[in-house]
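Coordinate inspection notes
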Amino acid sequence: MAGITLKGVRKAFGSTVAVDSVTLEVRDGELFFLLGPSGCGKTTLLRIIAGFEAPEAGRIVIGDEDVTRLPPEKRRTGMVFQNYALWPHMTVAENVDFGLKVRRLSAAERHDRTAAALKAVRMQDYARRRPNQLSGGQQQRVALARALVIEPRVLLLDEPLSNLDARLRSEMRAEIRRLCSEAAITSVCVTHDQTEALSMADRLAVMREGRIVQVGRPRDVYQRPENRFVADFLGETNFISAEVKGAEAGELVLHAPMGEVRARGLREDTPRSGNLTCSIRPEAWRIEGDGSAVAPAVNTWNGRLIDTAYHGEAGRHEVELDGDVTIHVLEANPRDRMRGQSLRLHVDPADVVVLAD
Ligand code: ATP
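Residues numbered from 1 in each chain as written. Predicted model: local features only at pLDDT ≥ 70, side-chain atom pairs only at ≥ 80, totals over all residues. Heavy atoms only, no water.

With respect to spatial proximity, the complete set of residues near the ligand consists of Phe-13, Thr-16, Ala-18, Pro-37, Ser-38, Gly-39, Cys-40, Gly-41, Lys-42, Thr-43 and Thr-44. The separation between an oxygen atom of the ligand and a polar side-chain atom of Thr-44 is 2.5 Å. Here the ligand, which alone exposes 630 Å², has 58% of that area covered by the protein. Elements that contribute at least two residues to the shell around the ligand include exactly strand S2 (16-26) and helix H1 (42-50). It is H1 that provides the largest number of residues to the shell around the ligand, a total of three residues. When the residues that make up the shell around the ligand are grouped by side-chain class, the tally is four nonpolar, six polar and one charged. (Near = heavy atom within 4 Å. Polar contact = N/O pair within 3.5 Å; in protein donor to acceptor, adjacent residues only side chain to side chain. Areas by Shrake-Rupley, 256 points an atom, 1.4 Å probe, with all protein chains shown as cover. Helix = DSSP H or I, 4+ residues; strand = E, 2+ residues; numbered from the N terminus. Nonpolar A, V, L, I, M, F, W, Y, C, P; charged D, E, K, R; others polar.)

Following this line, the structure appears as structure tokens:
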């Protein structure tokens, strides 16, 4: 087992800087995600950790070994590729066994370890099949077994679920989490799918244009984005411009077009004056006046329902607040509402995130 330390890592392809001054600590045994839009450099960073790309600057340390100059096969990392990269002419068992064979282990040990790896991914009954006789999810399991059988220090996964349909993807999310935690192996997974990262990661890094813009637990990064880019990339949000009026009882008091807004639980570096942007997630809004709670006094505004998209388990409303502010509101177990209907909407000050940019 081993953590990964990246220090000042940089990689350019011609004039494109794919990875720029990346310093990052992946802790021993954690499932860490690199997340970001297409072209932000996450695959290049993963390939640098694996040793398939050489950085122009910076160091890569696995455990306490500096591997910056080591070739991939000497780094003791296991890689799962996006397209699985299974050998079509070999059976499932031969695919898994291959890494042990090149390491010249004894036949008995190879047999036992291959059987154990196939059992871990629940593919022991498919050992004699060839990859083209397997479903996408089964191929993915074999690719995982093949990476894990060599007992790597670090498991690297490049968009492992992108070729699977929605149901299989959700099944394999749980499966990969189970395998990584059973093997207690440090794992780095690349994805552009924020739901995947939020639901699977112990911690994640959001990347933009080769740089890391925020690192943290999924809940912290989602609920406390540090800037507009992260708030917008990780899920949906409503941005509302506001001006700071002052502070009261640990809350920042702001003036927005729909009225007074209060925000609590601010980051230390949040500016306390001037014009700012508030980010309020669609699911943070409460629709008052359905016979349930009495509307609280703070952060409660009037609005008019413009339109609703019904999703069964939730309704996604477009609402126009006083002051010409249009927002999106997510209502779980949605009531049957009419277009044009007046609404009272409330947001807990703890759900108002104040962004500096
Ligand atoms: P995606 O999600 O689309 O795979 P990514 O975040 O993984 O994107 P990278 O594949 O790391 O991004 O690419 C980062 C940048 O580096 C992109 O602008 C890409 O075009 C460029 N790039 C990556 N590999 C090469 C290469 N071998 N030669 C030239 N440019 C490259």
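From this point, the discussion proceeds with the structure in view.
Moving on to the sheet that holds strand S10 (residues 211-216). The strand order S6-S7-S8-S3-S9-S10 describes an open sheet built from six strands, whose pairing is mixed. What marks the edges here is a single partner per strand, and that holds for strand S6 (77-80) and S10. Pairwise comparison of adjacent strand axes, ignoring direction, gives a mean angle of 20 degrees for this sheet. Pairing of strand S7 (residues 154-158) with strand S8 (residues 186-191) involves five bridges; the strand directions are parallel. The residue bridging Leu-156 from the neighbouring strand is Val-188, located in S8. The strands that H1 touches are strand S3 (31-35), S6, S7, S8 and strand S9 (203-208); relative to S7, the one it contacts most, it runs at about 150 degrees. On top of the sheet, helix H4 (residues 136-148) reaches S6 and S7; it is set at about 170 degrees to S6, its chief contact. (Pairing = 2+ DSSP bridges. Axes fitted to C-alpha atoms, helices over the stretch in contact; angles between N-to-C directions. Contact = heavy atoms within 4.5 Å.)

Let us look at the nonpolar core. Counting residues in hydrophobic clusters, the biggest one holds 43 residues, and the most contacted among them are Phe-33, Leu-144 and Leu-155. Among the nonpolar cores identified, the runner-up in size contains 27 residues, and Leu-254, Ala-263, Val-329 and Leu-345 belong to it. (Core = buried A, V, L, I, M, F, W, Y, C linked by side-chain atoms within 4.5 Å. Buried < 20%, exposed > 50% of the residue type's maximum accessible area, 1.4 Å probe, protein only.)

To continue, consider the sheet that holds strand S14 (residues 275-280). The strand order across the open sheet formed by five strands is S13-S12-S11-S14-S20, and the pairing between neighbours is antiparallel. Pairing within the sheet leaves two strands with one partner each, and these edge strands are strand S13 (259-263) and strand S20 (353-355). Each strand of the sheet is rotated relative to its neighbour by a mean of 45 degrees, with strand direction disregarded. For strand S12 (residues 251-256) and S13, the ladder comprises five bridges, and the chain directions are antiparallel. Bridge pairing in S13 links Leu-254 to Val-261.

Time to look at the packing of aromatic side chains. All chains considered together, the criterion is met by four aromatic pairs. Ring centres of Phe-229 and Phe-233 lie 6.1 Å apart, and the angle between their planes is 5 degrees; this geometry places the pair in the stacked category. Remark: Phe-233 and Phe-229 occur in helix H8 (residues 228-233); sequence separation between them is four residues, near one turn of the helix. Across the pair, Phe-233 and Phe-229 agree in class, each one buried. Against the face of Trp-87 rests Arg-146, its NZ or CZ located 4.8 Å from the ring centre. The ring of Tyr-222 is capped by Arg-281, whose NZ or CZ atom sits 3.9 Å from the centre of that ring. (Phe/Tyr/Trp six-rings, centres within 6.5 Å; stacked < 30°, edge-to-face > 60°. Lys NZ or Arg CZ within 6 Å of the ring centre and 35° of its normal.)

Tracing the backbone shows Glu-175 in helix H5 (residues 166-183). Once residues lying within four places of it in the same chain are set aside, the contact partners of Glu-175 are Ala-120, Val-121, Arg-122 and Arg-141.

When their charged atoms lie close together, side chains carrying opposite charge are able to pair. In this structure the tally under the stated criterion is 24 salt bridges. Between Arg-203 and Glu-30 there is a salt bridge; the shortest N-O distance is 2.8 Å. Taken together, the positions of Arg-203 in strand S9 and Glu-30 in the loop between S2 and S3 put the pair 173 residues apart, joining distant regions of the chain. The buried category is assigned to Arg-203, whose relative accessible area is 11%. (Salt bridge = Lys/Arg side-chain N within 4 Å of Asp/Glu carboxyl O.)

Right, let's get into the packing of H4 against H5. Axis separation between H4 and H5 bottoms out at 11 Å; the angle between their running directions is 15 degrees. When the interaxial angle is binned, H4 and H5 end up roughly parallel. The crossing of H4 and H5 is right-handed. Facing Gly-137, Gln-140, Arg-141, Leu-144 and Leu-148 of H4, the residues of H5 in contact are Leu-168, Glu-171, Met-172, Glu-175, Ile-176 and Leu-179. Looking at the contact of H4 with H5, its residues break down into six nonpolar, two polar and three charged. (Parallel < 35°, antiparallel > 145°, perpendicular 65-115°, else oblique. Left-handed = near helix turned anticlockwise from the far one by under 90°.)

Mapped onto the secondary structure, Glu-331 falls in strand S18 (residues 325-332). Look at Glu-331 and you get buried, because its relative accessible area is 11%. Within the local environment of Glu-331, its side chain forms a polar contact with the side chain of Arg-337, the two groups lying 2.8 Å apart.

Glancing now at the environment of Val-92. Along the polypeptide, Val-92 turns up in helix H2 (residues 92-102). A relative accessible area of 1% means that Val-92 is categorised as buried. With 42 residues separating them in the primary sequence, Val-92 and Ala-50 have C-alpha atoms 24 Å apart. In contact with Val-92, other than residues within four places in its own chain, are Leu-118, Tyr-126, Ala-127, Arg-129, Leu-134 and Val-142.

Let us look at the packing of H2 against helix H3 (residues 107-120). At their nearest, the axes of H2 and H3 sit 9 Å apart, and the two run at 125 degrees to each other. The angle between H2 and H3 falls in the class oblique. Where H2 crosses over H3, the two elements pack in a sense that is right-handed. The residues of H3 that touch H2, namely those facing Val-92, Ala-93, Val-96, Asp-97, Leu-100 and Lys-101, are Arg-110, Arg-113, Thr-114, Ala-117 and Leu-118. Considering only residue class, the contact of H2 with H3 consists of six nonpolar, one polar and four charged.

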